[in-house]
Each structure stands twice: as C-alpha cells, then as structure tokens.
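Residues per chain, in single letters:
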Amino acid sequence: MTRTLDLGCGPNPKNPLNLDEIYGIDIRDDIEAKIYKADLAVEPIPFADNYFECVSAFDFIEHIPRVIYAPHRRFSFVELMNEIYRVLVPGGLFLSLTPAFPQESAWRDPTHVNIITEQTFPRYFDDQNRLAAMYGFNGYFRIEEQTWDGEHLKVAMRKLILQV
C-alpha cells in the first residue's frame, strides 16, 4: 500500500504519483476525505514516521513563516522541512510547486510570507550544502529536479538516509 500526503490541500488532496491512498492536511478537516486539520506553521504533521512515499506542497510553503516568535523564536519553515523528512519513507519524494522570486506572483499575495528562490532548496536542504542545519534541519534530501513551471518553481527532492 503506497500513500501520499498533500499539504495545504484544500477540499481536494492531490495525488501527483497516483499512489494507492491519498491524505491531506489543511486548516479544516474532513475525515471522510482523509483531510486532517493542522496549522503546520506551529504544529507537527499528524502522522507517524516513515508513513508516506510522497509528500506534496502545491502553492503552500510560501505561506509558512520562516521565523515566528510564539513566544520564543521558532524557525517554522525549517521545522516543516524536518516534519516532511520525518514522515517520508527512506527514498520518499517531496514535491513542491510554489510561486518564487523573481516572479511578481511570489510577492502579490499578502499571505506569502516565505519567498522561495532557486537557491532555497539546493543551498539549505540538499545533501551537499545543508545550510539549514544551523537552524535545526536534520534531514538529507537529494534534489532530483528543479525547473520553472510558469511563475512557479517546481522542485522534486528525495529523502536520503546517510550512513554514519
């Protein structure tokens, strides 16, 4: 049984890899549709470790603040990336599609608080540079694809388990 999780799914979770089971997370729940309520800026993904073969975030991560004070400083975006890594099976795929710099659509919506660039994932969350480790990132992703799809940056990253 293969499972996919769509973050910020709205009423219809996406299944980009056509896996067997589809789950979603949004700000409202619909248990019959397997959509669970969570505020991922401050709450963990409500699923077990190594549960999904795919996690997708289409037009979502730009809404997660990079830093919040609640009441202490938290790096919410880094925490979300840790959560995505945690719930993916080894070799699982994270798919992101987000309006990104320098496109005007990255800035237009006042709820876009996390502006992504072509360097965000390769420099901070990949298995080579991992600059987000200084902010608490503990995962290892291999970037398999990063391309532009109109005004959106499309990124596919695979969860790696590094042998120590």
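The following paragraphs examine the structure supplied in this document. (Residues numbered from 1 in each chain as written. Predicted model: local features only at pLDDT ≥ 70, side-chain atom pairs only at ≥ 80, totals over all residues. Heavy atoms only, no water.)

1. Notes on the sheet that holds strand E9 (residues 152–159)
Okay, step 1: Taking strand neighbours across the sheet as the criterion, the seven strands line up as E3-E2-E1-E4-E7-E9-E8 in an open arrangement whose pairing is mixed. Every other strand in the sheet has two partners, leaving strand E3 (35–37) and strand E8 (141–149) as the edge strands with one partner each. In this sheet, adjacent strand axes meet at a mean angle of 15° when their direction is disregarded.
Okay, step 2: On the sheet, helix H1 (residues 76–87) packs against strand E1 (3–7), strand E4 (52–58), strand E7 (88–99), E8 and E9 and is oriented at approximately 140° with respect to E7. (Pairing = 2+ DSSP bridges. Helix = DSSP H or I, 4+ residues; strand = E, 2+ residues; numbered from the N terminus. Axes fitted to C-alpha atoms, helices over the stretch in contact; angles between N-to-C directions. Contact = heavy atoms within 4.5 Å.)

2. As for unusual backbone geometry
Okay, step 1: At the junction of Ala70 and Pro71, the peptide bond is cis and its omega measures out at -15° in the coordinates.
Okay, step 2: Its location among the elements puts Pro71 in the loop between strand E5 (68–69) and strand E6 (73–74).
Okay, step 3: Across the junction of Phe101 and Pro102, the peptide omega takes the value 10°, indicating a cis bond.
Okay, step 4: Along the polypeptide, Pro102 turns up in the loop between E7 and helix H2 (105–108).
Okay, step 5: In the Ramachandran plot, Asn18 falls in the positive-phi region, its phi being about 55° despite a non-glycine side chain.
Okay, step 6: Its identity is not glycine, yet Arg130 carries a phi of approximately 50°, on the positive side.
Okay, step 7: With respect to the helices, strands and loops of the structure, Arg130 is situated in the loop between helix H3 (120–124) and E8.

3. Topic: the layout of surface pockets
Okay, step 1: Its boundaries defined by the atoms lining it, the largest pocket holds a volume of some 230 Å³.
Okay, step 2: Along its surface, the largest pocket is lined by Gly8, Ile25, Asp26, Ile27, Ala38, Asp39, Leu40, Ala41, Asp59, Phe60, His63 and Ile64.
Okay, step 3: Across the lining of the largest pocket, the residue classes tally to seven nonpolar, two polar and three charged.
Okay, step 4: Space inside the second largest pocket adds up to approximately 170 Å³.
Okay, step 5: Taken together, Arg66, Val67, Phe75, Phe77, Val78, Thr120, Tyr124, Phe125, Ala132 and Tyr135 make up the full set of residues lining the second largest pocket.
Okay, step 6: Secondary-structure elements contributing two or more residues to the lining of the second largest pocket are H1 and H3.
Okay, step 7: Across the lining of the second largest pocket, the residue classes break down as eight nonpolar, one polar and one charged. (1 Å grid on protein atoms, 1.4 Å probe; cavity = no way out; pocket = protein on both sides within 12 Å on 5 of 7 lines; lining within 4 Å. Points joined across faces, edges and corners; volume = space filled by probe spheres on them. Nonpolar A, V, L, I, M, F, W, Y, C, P; charged D, E, K, R; others polar.)

4. So, the nonpolar core
Okay, step 1: Membership of the largest hydrophobic core comes to 34 residues, with the highest contact counts inside it found for Leu7, Ile45, Met81, Ile84, Phe94 and Phe121.
Okay, step 2: Broken down by secondary-structure element, the contributors of at least two residues to this core are E1, strand E2 (21–26), E4, H1, E7 and E9.
Okay, step 3: Per element, the largest residue contribution to this core is seven residues, and it comes from H1.
Okay, step 4: When near neighbours in sequence (up to four residues on either side) are disregarded, Ile45 contacts Leu5, Leu7, Ile25, Leu40, Leu80, Glu83, Ile84, Arg86 and Val87.
Okay, step 5: In terms of nonpolar packing, the next biggest core, distinct from the first, is built from five residues, Leu19, Leu93, Leu95 and Ala156 among them. (Core = buried A, V, L, I, M, F, W, Y, C linked by side-chain atoms within 4.5 Å. Buried < 20%, exposed > 50% of the residue type's maximum accessible area, 1.4 Å probe, protein only.)

5. Some remarks on the packing of aromatic side chains
Okay, step 1: Enumeration according to the criterion identifies 17 aromatic pairs in this entry.
Okay, step 2: Each ring, one from Phe47 and one from Tyr51, has its centre 5.7 Å from the other, and the planes form 20°; the classification is stacked.
Okay, step 3: With a centroid separation of 6.4 Å and an interplanar angle of 70°, the aromatic rings of Phe94 and Phe121 are classed as edge-to-face. With Phe94 in strand E7 and Phe121 in helix H3, this residue pair connects regions lying 27 residues apart in the sequence. Assigned by exposure class, Phe94 and Phe121 land together as buried.
Okay, step 4: Put simply, the rings of Phe77, Tyr85, Phe94, Phe121, Phe125, Phe137 and Phe141 touch in pairs and so form one group of aromatic residues.
Okay, step 5: Sitting above the plane of the Tyr140 ring, Arg130 keeps its charged end 4.0 Å from the centroid. (Phe/Tyr/Trp six-rings, centres within 6.5 Å; stacked < 30°, edge-to-face > 60°. Lys NZ or Arg CZ within 6 Å of the ring centre and 35° of its normal.)

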